[in-house]
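# Remarks on the overall topology
Take a look at the letters that make up each chain.
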Amino acid sequence: MLTPLIETERLFLRRPNGADTRAALRFFGSRQAPMVSGGFGAGRARRYMTAFLSQWELRGFGLFAVVPQGSTDAIGIAGPWQPSGWPEPELAWQFWGAQDNIQSLAVESGLALRDFAQSALGWHNIVSYIRAEDRAAITLVRQMGAVIDPMAMIPQDSDCIAFRHPDHALRAQNRAA
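Below you will find a few notes about this structure.

### Remarks on the packing of aromatic side chains
A full pass over the atoms with the stated rule returns 4 aromatic pairs. Seen in terms of ring centroids, Trp56 and Phe64 are 5.1 Å apart; in terms of plane orientation they differ by 75 degrees. Their pairing is edge-to-face. Phe64 shares its class with Trp56; the two are buried. The interplanar angle of 80 degrees and the centroid separation of 5.3 Å between the aromatic rings of Phe64 and Phe116 together place this pair among those described as edge-to-face. Remark: Phe116 occurs in helix H4 (residues 102-120) and Phe64 occurs in strand E3 (residues 64-68); sequence separation between them is 52 residues. Residue classification places Phe64 among the buried positions, given a relative accessible area of 0%. Put simply, the rings of Trp56, Phe64 and Phe116 touch in pairs and so form one group of aromatic residues.

So, in structure tokens, the structure goes:
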């Protein structure tokens, strides 16, 4: 699969590059990182980013860099994510900035990338695994229409909550029937 470039009203969503990795490593060294990721040292942060980047080669999909239109700098990564051993396909994200409109940009990218996962990858059963303490991510996933799924399998050694995303293709089929 060729790497798609997705354009929304305010964003470009593209495959991450080296500059994005440097921005992510700066974030993982910040005070904000422990809330989002559980806290990383520099070595773990590099392994984490390597996993994000290599998933494109290994699976043919991965997280996209989220870039505001008119900029070349990513403000985060988001998209389809399913590392080895993950129980279900996930819509995941990490946002690195503190922009005033980061929540609305996160929702915009999340909705576009969920549509991509459903239409291009054929994913119709998508979860997002979120740490209970990450209130911003819980707000985001709820704004996207996802609901807590107490029956979802959780990644091993994880203390997260699973949110199930709506399947828009299934809804469209039901409306057509």
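### With respect to the pattern of salt bridges
Evaluated as defined, the whole model comprises 7 salt bridges. A salt bridge links Arg10 to Glu108; the nearest nitrogen and oxygen atoms lie 2.6 Å apart. A residue pair is termed long-range when its members are at least 10 positions apart, and Arg10 in the loop between strand E1 (6-7) and strand E2 (11-14) and Glu108 in helix H4 qualify at 98 residues. Its relative accessible area of 30% is what places Arg10 among the partly exposed residues. A salt bridge links Asp159 to Arg131, with the nearest nitrogen and oxygen atoms 3.5 Å apart. Of this pair, Asp159 sits in the loop between strand E7 (147-148) and strand E8 (160-164) while Arg131 sits in strand E6 (residues 127-131), and the two are 28 residues apart along the sequence. Accessibility expressed as a relative area gives 48% for Asp159, which makes it partly exposed. Given the relative accessible area of 24%, Arg131 is considered partly exposed. What you see here is one network of salt bridges that share partners, running through Glu88, Asp149 and Arg164.

### Overview of the environment of Ile126
Along the chain, the position of Ile126 falls in the loop between H4 and E6. For Ile126, a relative accessible area of 1% gives the class buried. When neighbours within four sequence positions are excluded, Ile126 is seen to be in contact with Pro89, Glu90, Leu91, Arg114, Ala117, Gln118, Phe163, Arg164 and His165.

### Things to note about the side chain of Glu108
Among the residues examined, Glu108 registers a relative accessible area of 16% and is labelled buried. Separated by 2.4 Å, the side chains of Glu108 and Thr8 make a polar contact. Within the local environment of Glu108, its side chain forms a polar contact with the backbone nitrogen of Glu9, the two atoms lying 3.3 Å apart. Among all residues touching Glu108, those that are not within four sequence positions of it are Thr8, Glu9, Arg10 and Leu11.

### A word on helix H5 (residues 135-143)
Where H5 is concerned, the buried positions are Ala137, Ile138, Leu140 and Val141. Taken around the axis of H5, the buried residues stretch over an arc of 160 degrees, which confines them to a single face. Note on H5: the residue one or two positions beyond its end, Gly145, has a positive phi of about 90 degrees.

Rules and cut-offs
- Residues numbered from 1 in each chain as written.
- Predicted model: local features only at pLDDT ≥ 70, side-chain atom pairs only at ≥ 80, totals over all residues.
- Heavy atoms only, no water.
- Phe/Tyr/Trp six-rings, centres within 6.5 Å; stacked < 30°, edge-to-face > 60°.
- Buried < 20%, exposed > 50% of the residue type's maximum accessible area, 1.4 Å probe, protein only.
- Helix = DSSP H or I, 4+ residues; strand = E, 2+ residues; numbered from the N terminus.
- Salt bridge = Lys/Arg side-chain N within 4 Å of Asp/Glu carboxyl O.
- Contact = heavy atoms within 4.5 Å.
- Polar contact = N/O pair within 3.5 Å; in protein donor to acceptor, adjacent residues only side chain to side chain.
- Arc of directions from axis to C-beta.

Read these as spatial facts, not as claims about activity.
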